[in-house]
Amino acid sequence: MNVSELKESKWAKAAGDPEAREQVLEALPEWMKKVQNSDLLDRAWRLKDYLTSGRCTTGDLIIVIAALLYLISPIDVVPDFIPFAGWLDDVAVATAVLGYLDRKAAATQVPVSDA
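As the structure is a computational prediction, the values presented were derived from the model and not from experiment.

1. What to know about the overall build of the protein chain
In terms of regular secondary structure, the protein chain is built from six helices and zero strands. For the protein chain, whose C-alpha radius of gyration is 15 Å, the value lies close to the compact-globule estimate of 13 Å for 115 residues. Its C-alpha atoms put the protein chain at 55 × 30 × 25 Å along the principal axes. Across the protein chain, every contact between residues at least 6 apart in sequence was considered, and the portion connecting residues at least 24 apart equals 63%.

See below:
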């Protein structure tokens, strides 16, 4: 799943709920205890940090919450109870969203002049 597909997904629709942010932040610590993939945990942590940073625009807020909802949901494209493969789609979603945010941040940086 890429960012465009995530924006159109049921997770993005759920992320629009005003209470979704609190639900994600409440459920995330328990989910993190269960995850055995350190790469996925690192990516989830980066998404959570951005979500709580105060720099998250409204559009980014929906994308980040949708990605975190996707991660903590046990039923997604590849259900999490399937060994190894269950986490691969989660890593792909987290990677896609972080890549999108990194590209967006790089595009909005003011170039340093050679003065």
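Moving on from the coordinates now.
2. Some points on the packing of helix α3 (residues 20-34) against helix α5 (residues 58-72)
It is at 10 Å that the axes of α3 and α5 come closest, and there the two elements cross at 40 degrees. In this structure, the crossing between α3 and α5 has a hand that is left-handed. Contacts from Ala20, Arg21, Val24, Ala27, Leu28 and Trp31 in α3 reach Leu61, Ile65, Leu68, Leu69, Leu71 and Ile72 in α5. The class makeup of the residues in the contact of α3 with α5 is 11 nonpolar, no polar and one charged.

3. Some details on the environment of Asp17
With respect to the helices and strands, Asp17 occurs in the loop between α2 (10-15) and α3. Take Asp17: its relative accessible area is 35%, and that puts it in the partly exposed class.

4. Observations regarding the nonpolar core
Counting residues in hydrophobic clusters, the biggest one holds 34 residues, and the most contacted among them are Trp31 and Leu47. Broken down by element, the residue count for this core peaks at 10 residues, all from α5.

Parameters and conventions
Residues numbered from 1 in each chain as written. Predicted model: local features only at pLDDT ≥ 70, side-chain atom pairs only at ≥ 80, totals over all residues. Heavy atoms only, no water. Helix = DSSP H or I, 4+ residues; strand = E, 2+ residues; numbered from the N terminus. Rg over C-alpha atoms; globule rule 2.2 N^0.38 Å. Contact = heavy atoms within 4.5 Å. Axes fitted to C-alpha atoms, helices over the stretch in contact; angles between N-to-C directions. Left-handed = near helix turned anticlockwise from the far one by under 90°. Nonpolar A, V, L, I, M, F, W, Y, C, P; charged D, E, K, R; others polar. Buried < 20%, exposed > 50% of the residue type's maximum accessible area, 1.4 Å probe, protein only. Core = buried A, V, L, I, M, F, W, Y, C linked by side-chain atoms within 4.5 Å.

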